[in-house]
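# Survey of secondary and tertiary structure
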Amino acid sequence: METFRLEILTPNGEIYNGSALSVVLPGEEGEFGVLAHHSSLTTLLTSGVVDVEKEDRCVESIVINWGVVQVDEKKVIILVEGAAPIRGENEAEIAKALEDAKMFIKDIADSSSAIASVSAKIESAAQKLI
Amino acid sequence: MANLKDIQRQIKSVSNTQKTTRAMKLVSTAKLRRAEELASRSRLYAQKMNQVIAEIAGRIECAKVGGIDNRCFHKIESPKMVDIVFVTADKGLCGGFNIQTIKAVSKLIKEYKAQNVKVRLRGIGKKGVEFFKYNEVELFDAVIDLSSKPEKTRSDSFIRTSILDFKDGKIDALHIIYNGYKNMLTQELHINNILPIDTTKFECSEETDRSMLEIEAQNEENMLDSLVNKYVDYNLYYALIDSVAAEHSARMQAMDTATNNAKEMVKSLNVEFNKARQAAITTELIEIISGVESMK
């Protein structure tokens, strides 16, 4: 499978910069996936989870609040206002990242169903990591 | 020759000043490190945000995407009223940091006045605001203590008025002027034309014409609208944090120069003191010798 360049930026710095196989994004109109050679597109993202499939086929999940994505044939740039990546070297770190992400989503989401769906997603993402 | 006591007093006073300036330099160095880190982390985001916006604006312009009548993306011929937002520091003692921004603002105002364009001046930072008040230049509104402690929510609500007025057609352009951080030794003056979005940076090519701008059709206007809001909000916030970093670097430098000058002054005062002391001793000796001579 071909890879493409992915950059995820927040005002506090870069949280992802590298190649990826695919990325699933929480668009305003619903979730959508992006693979290499996707036609160019610019759209807004809402609060939710960004799933990045890396070159080694590992999936990394990042919770975001608001964002804009710019897709063109060669690269994908995602600008987000706030993000909480779920990653870590060991179980304790992952558990902490999960807690942080949950706190983060509580602050940003306005409906309880949105919180529940995002929480479920990040729980399963963390399970896979452990 | 000055009195010995006077010189001593002067030396003491100068070396006290030197202590103060050195302390201020150290404080600025510590603050600069923090501010610079914050600014450098945000720099990339600000650059990409501007890039994305410029590209969208450029594509709207080049590919002539129809149906987008958002005012922010179109050039405005013969503006009637413009907003100038400037950012200066709240405190002085930082060399030419504030005056550079003030000069640039005054120059821009003059240019607009020559073209018969009305200017609405909005100030952030005590020094700039005081300057324009003293010179009886009308300020539309002013905020103090935001430039020393940048806060996203406060800067957002400040700039909101300009965004809304631009969209309503009350103003035709928005400029942000501030002195930004370049490196430890230099600051760089930025005059940013925020609205309408500058499309000149984006070069039209066949490739861009072909790869059409695709925005989700249903809420195209909404999307561009909220993107523009975020773009303007973030530009001001970035200007604030960049300006804080620049302020500290300017102060650090100014205080360093002041410390060095004080050092030089103490040195020359010491020489003067020694000369005066020697002169006093010589006079005393002459007096004794001439006294002894007269006794003979």
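## Comments concerning the overall build of chain B
Helices and strands together make up the secondary structure of chain B, namely 6 helices and 5 strands. Within chain B, the proportion of its 296 residues that are buried is 33%. Long-range pairs, those at least 24 residues apart, make up 79% of the contacts in chain B with a sequence separation of at least 6.

## Here we look at the nonpolar core
Formed by 95 residues in total, the largest nonpolar core has its most connected members in A:Val63 and A:Ile122. For this core, the element with the most residues is helix H6 (residues 220-295) of chain B, which contributes 19 residues. Among residues more than four places away in sequence, those in contact with A:Ile122 are A:Val49, A:Ser61, A:Val63, A:Ile86, A:Leu98 and A:Ala101.

## Quick word on helix H4 (residues 152-168) of chain B
Residue and element names in this part refer to chain B. Its 17 residues give H4 an end-to-end C-alpha distance of 24 Å, which sits within 8% of 24 Å, the value for a rise of 1.5 Å per residue. At Ile 159, H4 shows its maximal kink, close to 30°. Ser 155, Phe 158, Ile 159, Ser 162, Ile 163 and Phe 166 are the residues of H4 that are buried. In this structure, the buried side of H4 is in contact with strand S1 (81-87), strand S3 (141-143), strand S4 (173-181), strand S5 (187-195) and H6. Within two residues after H4, Gly 169 carries a phi angle of roughly 90°, on the positive side.

## Structural notes on the pairing of S5(B)
Residues and elements named next belong to chain B. Sheet topology note: the S4/S5 ladder contains 8 bridges and is antiparallel. For Ile 177, the partnering residue across the bridge sits in S5 and is Ile 191. Hairpin connection of S4 to S5: 5 residues between the antiparallel strands.

## Examining unusual backbone geometry
Here B:Leu195 and B:Pro196 are connected by a cis peptide whose omega angle stands at -10°. In this structure, B:Pro196 sits in the loop between S5 and helix H5 (206-210). Phi at A:Arg57 is positive, roughly 70°, even though this residue is not glycine. Note that A:Arg57 resides in the loop between strand S5 (48-54) and strand S6 (59-64). Judged by the 9 C-beta atoms lying within 10 Å of it, A:Arg57 falls in the exposed class. A positive phi is found at B:Leu93, a non-glycine position, where the angle reads about 55°. Tracing the backbone shows B:Leu93 in the loop between S1 and helix H2 (97-114).

## Some remarks on the interface of chain A and chain B
Listed by partner, the interface residues are 19 residues for chain A and 17 residues for chain B. Looking at the side of chain A that touches chain B, the elements that each hand over two or more residues are strand S1 (4-10), strand S2 (13-27), strand S4 (41-45), strand S7 (67-71) and strand S8 (75-80) of chain A. Take the side of chain A that touches chain B: its biggest share by element is 4 residues, from S4(A). Its residues assigned to classes, the side of chain A that touches chain B shows 7 nonpolar, 8 polar and 4 charged.

## Observations regarding the environment of B:Val266
All names here are of chain B. With respect to the helices, strands and loops of the structure, Val 266 is situated in helix H6. Overall, the presence of 18 C-beta atoms within 10 Å leaves Val 266 in the partly exposed class. Along the chain, Val 266 and Lys 19 lie 247 residues apart, while their C-alpha atoms are 12 Å from each other. Excluding anything up to four places from it in sequence, Val 266 contacts Ile 11, Val 14, Ser 15 and Gln 18.

## Comments concerning the confidence of the model for chain A
In the predicted model, chain A carries a mean pLDDT of 83, and 93% of its residues have values of at least 70. Model confidence for chain A, summarised as mean pLDDT per element, is weakest for helix H2 (residues 112-129) of chain A at 73 and strongest for S1(A) at 92.

Rules behind the numbers
Residues numbered from 1 in each chain as written. Chains lettered and ligands numbered in written order. Predicted model: local features only at pLDDT ≥ 70, side-chain atom pairs only at ≥ 80, totals over all residues. Helix = DSSP H or I, 4+ residues; strand = E, 2+ residues; numbered from the N terminus. Buried ≥ 20, exposed ≤ 12 C-beta atoms within 10 Å, placed from the backbone. Contact = placed C-beta atoms within 7 Å. Core = buried A, V, L, I, M, F, W, Y, C linked by C-beta atoms within 7 Å. Expected span 1.5 Å × (residues − 1). Bend = angle between axes of the 7 residues up to and from the residue. Pairing = 2+ DSSP bridges. Nonpolar A, V, L, I, M, F, W, Y, C, P; charged D, E, K, R; others polar. pLDDT = per-residue confidence, 0-100.

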